[in-house]
Amino acid sequence: MASLAAVGAKHVAKGVGRFTEMVMTEGKGSYLKTECGRTILDFTCGIGVTNLGHCHPGVTKQAQEQVGTLTHGQINLGYNKPQIELIQKLLPVMPHKSLDSFFFWNSGAEAVEASIKLARHATGKQNIIVVQGSYHGRTFGTMALTKSKTIYGAGYAPLMPGVFTTPYPYWHQLGLPHTTANEDLVENALYRLELLLKQETAPRDTAALIIEPVLGEGGYIPAPKGYLEGLRRICDEHGILLIIDEVQTGFGRTGKYFAIEHWPEVRPDIMVIAKGIANGFPLSGIVSRKELMDKQPAGSQGGTYAANAVSCAAACAVQDAFRTEGVFENIDARSHEIFGLFNDLKADPVIGDTIAEVRGLGLMVGVEFKSPTDRYTPAQGKVPANMASRVQNKCLEKDLLVLTTSVYQTIRFIPPLNISKEDMAKGCDIIRNAITEVVKEG
Ligand SMILES: Cc1ncc(COP(=O)(O)O)c(C=O)c1O
């Protein structure tokens, strides 16, 4: 009989590219089990989803109970109980009290599209500005907003019109050396946005600017100080809505409930949430102020599975876990340990020369390696080619799952937020050994 992996290789759509052929059969806490009997430490959390570990007991229990109580309470017919309970739990943790009106959807991309619908409807304007390197999804609307890699949109045109791109304050995208000071990057990027508004999309035609506070698929790059504040100011000056996409950064990933709390002066007009909200159950949403949301005619938002009762019940358990399980203390301690590892490696006379930058917040950690073909990251000695994917493969050989990100040589580390000290130490050892071996092999 063919293995499940062989059946998958033959019958799963090729467009669903994957990095391994392993079949995941079980997940518990920080570990995944596979069809062929491997136990793998998961530093991906299913791309920032199972942030409280696989099959978190409280979340599983609540979802199981809900499955036997009400599975589908369709939200264009009425409210369902877990949907309302979830709102009650989310209201006190909103980064700004103006965020008081919720619409729940299924996936991050759908929620991003809902935010665009809201922005266009509320302002009566069409154009949307995105930043270079952003990722907002793979649906028709969000393909047009995704600027991290051409693979997501190439060959699928025509995409949604009215989208304009402005550079992110990231040295690679501004064509500057990786040693450029943050203030210079910010000044340069804000200047380019002002220019865009003068030369390509007039404020009177521009509904919103959408941005991830930490660029995710673009390379795990927190917005440098002053950038988001600058965007808020420019949006206010021109009557443009600021949409903060917290799909990957939300629910503790960066050490705060929402990443935007790292920039307390920056008030989102609309916030997009998904992934970690329900620890693996499909749920996403947008939050905005009631005055904006109430402009939309009844029935113009919604969908068959929106605010699914089981997903909302799971999300309620997630919020309870954040309140009672010391998750934020753990994030701080484990973040310190993993950044400690990379700072040690950066100080190493041989390995350090291959690392361009260590960056991130909380347990959203990125390491960009230098590349022999990259003029913006010159090295003293010889740097191996394709460091990111080679380190990723070495980690997997040693039973640690990690992901690369961006078109540059970057690896991202997304461990569970409640990972134990021992498992973090184990993961860090594997990473250290993997990098050391790749550098030695040259
Ligand atoms: C910042 C951001 N926005 C939107 C999305 C799209 O979410 P989904 O894959 O659930 O559609 C993602 C997914 O990785 C994301 O990271």
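Parameters and conventions
- Residues numbered from 1 in each chain as written.
- Predicted model: local features only at pLDDT ≥ 70, side-chain atom pairs only at ≥ 80, totals over all residues.
- Heavy atoms only, no water.
- Helix = DSSP H or I, 4+ residues; strand = E, 2+ residues; numbered from the N terminus.
- Buried < 20%, exposed > 50% of the residue type's maximum accessible area, 1.4 Å probe, protein only.
- Areas by Shrake-Rupley, 256 points an atom, 1.4 Å probe, with all protein chains shown as cover.
- Lys, Arg positive; Asp, Glu negative; His and termini not counted.
- Charge placed at Lys NZ, Arg CZ, Asp CG, Glu CD.
- Domains from an automatic or database assignment.
- Contact = heavy atoms within 4.5 Å.
- Buried area = accessible area lost by both parts, 1.4 Å probe.
- Phe/Tyr/Trp six-rings, centres within 6.5 Å; stacked < 30°, edge-to-face > 60°.
- pLDDT = per-residue confidence, 0-100.
- Salt bridge = Lys/Arg side-chain N within 4 Å of Asp/Glu carboxyl O.
- Disulfide = S-S within 2.5 Å.
- Core = buried A, V, L, I, M, F, W, Y, C linked by side-chain atoms within 4.5 Å.
- Axes fitted to C-alpha atoms, helices over the stretch in contact; angles between N-to-C directions.
- Parallel < 35°, antiparallel > 145°, perpendicular 65-115°, else oblique.
- Left-handed = near helix turned anticlockwise from the far one by under 90°.
- Pairing = 2+ DSSP bridges.

**Regarding the overall build of the chain**
Here is step 1: Per the secondary structure count, the chain includes 14 helices and 17 strands.
Here is step 2: Taken over 442 residues, the chain has a buried fraction of 57%.
Here is step 3: When the accessible surface of the chain is totalled, it reaches about 19,100 Å², and 54% of it is carbon and sulfur.
Here is step 4: Computed over 44 positive and 45 negative side-chain charges, the inter-centroid distance for the chain is 3 Å.

**Considering the domain arrangement of the chain**
Here is step 1: The domains assigned to the chain are domain 1 (4-55 + 332-441) and domain 2 (59-324).
Here is step 2: Each of domain 1 and domain 2 has a C-alpha centre, and these two points are 26 Å apart.
Here is step 3: With 36 residues of domain 1 in contact, the opposing surface of domain 2 contributes 36 residues.
Here is step 4: When the two sides are added together, the surface that domain 1 and domain 2 hide from each other amounts to roughly 2,900 Å², 58% of it contributed by carbon and sulfur.
Here is step 5: Summed over the three residues of domain 1 that lose the most area to domain 2, namely Leu-361, Met-364 and Tyr-376, the buried surface amounts to 26% of that side.

**Thoughts on the packing of aromatic side chains**
Note on aromatic pairs: each is described by the distance of the centres and the angle between the planes.
Here is step 1: Scanning the entire structure with this criterion turns up 13 aromatic pairs.
Here is step 2: Here Phe-322 and Phe-328 contribute two aromatic rings whose centre-to-centre distance is 5.4 Å and whose plane-to-plane angle is 35°, an arrangement assigned as tilted.
Here is step 3: On the basis of relative accessibility, which here comes to 7%, the residue Phe-322 falls in the buried class.
Here is step 4: Assessed through its relative accessible area of 21%, Phe-328 is described here as partly exposed.

**Observations regarding the confidence of the model for the chain**
Here is step 1: Per-residue confidence for the chain gives a mean pLDDT of 97; residues scoring 70 or more make up 100%.
Here is step 2: Mean pLDDT across the elements of the chain ranges from a minimum in helix α7 (residues 171-174), with 93, to a maximum in strand β10 (residues 241-245), with 99.

**A few points about the pattern of salt bridges**
Here is step 1: Throughout the structure, instances matching the rule amount to 25 salt bridges.
Here is step 2: We note a salt bridge from Arg-359 to Glu-368, for which the minimum N-O separation is 2.8 Å.
Here is step 3: A salt bridge links Asp-429 to Arg-432; the nearest nitrogen and oxygen atoms lie 3.6 Å apart. Taken together, the residues span about one helical turn, with Asp-429 and Arg-432 both in helix α14 (residues 421-441) at a distance of three residues.

**Here's the deal with the state of the cysteines**
Here is step 1: Applying the stated criterion across every chain, the model contains zero disulfides.
Here is step 2: Unpaired in terms of disulfides, Cys-316 finds its nearest cysteine sulfur in Cys-312, a separation of 6.9 Å.
Here is step 3: When its relative accessible area of 1% is taken as the criterion, Cys-316 is described as buried.
Here is step 4: Of the cysteine sulfurs around Cys-395, a residue in no disulfide, the closest is that of Cys-428, at 10 Å.
Here is step 5: You can call Cys-395 buried: its relative accessible area is 0%.

**What about the nonpolar core?**
Here is step 1: One finds Tyr-227 and Phe-342 to be the most contacted residues of the largest nonpolar core, which totals 131 residues.
Here is step 2: With nine residues, helix α11 (residues 309-324) is the single largest residue contributor to this core.
Here is step 3: Shared between two domains, this core holds at least three residues of each, these being domain 1 (4-55 + 332-441) and domain 2 (59-324).
Here is step 4: One finds Met-22, Ile-40, Leu-396 and Leu-401 within the second-largest nonpolar core, a separate group that totals five residues.

**Re the packing of helix α3 (residues 57-67) against α11**
Angle between the axes and distance between the axes are the two parameters that describe a pair of packed helices.
Here is step 1: Relative orientation of the contacting elements α3 and α11 amounts to 150°, with a least axis distance of 8 Å. As judged from the angle between their axes, α3 and α11 are roughly antiparallel. In this structure, the crossing between α3 and α11 has a hand that is right-handed. For the pair α3 and α11, the contacting residues are Gly-58, Val-59, Gln-62, Ala-63, Gln-66 and Val-67 in the first and Ala-309, Val-310, Ala-313, Ala-314, Cys-316, Ala-317 and Val-318 in the second.

**Overview of the environment of Ala-223**
Here is step 1: Here Ala-223 lies in the loop between β9 (221-222) and α9 (227-238).
Here is step 2: Along the backbone, Ala-223 and Leu-90 are 133 residues apart, and their C-alpha atoms lie at a distance of 25 Å.

**Looking at the sheet that holds strand β15 (residues 400-401)**
Here is step 1: In spatial order, the strands read β1-β2-β3-β15; together these four strands make up an open sheet with mixed pairing. The sheet terminates laterally at β1 (24-28) and β15, the two strands that pair on one side only.
Here is step 2: Sheet topology note: the strand β2 (residues 31-34)/strand β3 (residues 39-42) ladder contains three bridges and is antiparallel. Bridging across to β3, Tyr-31 finds its partner in Leu-41.

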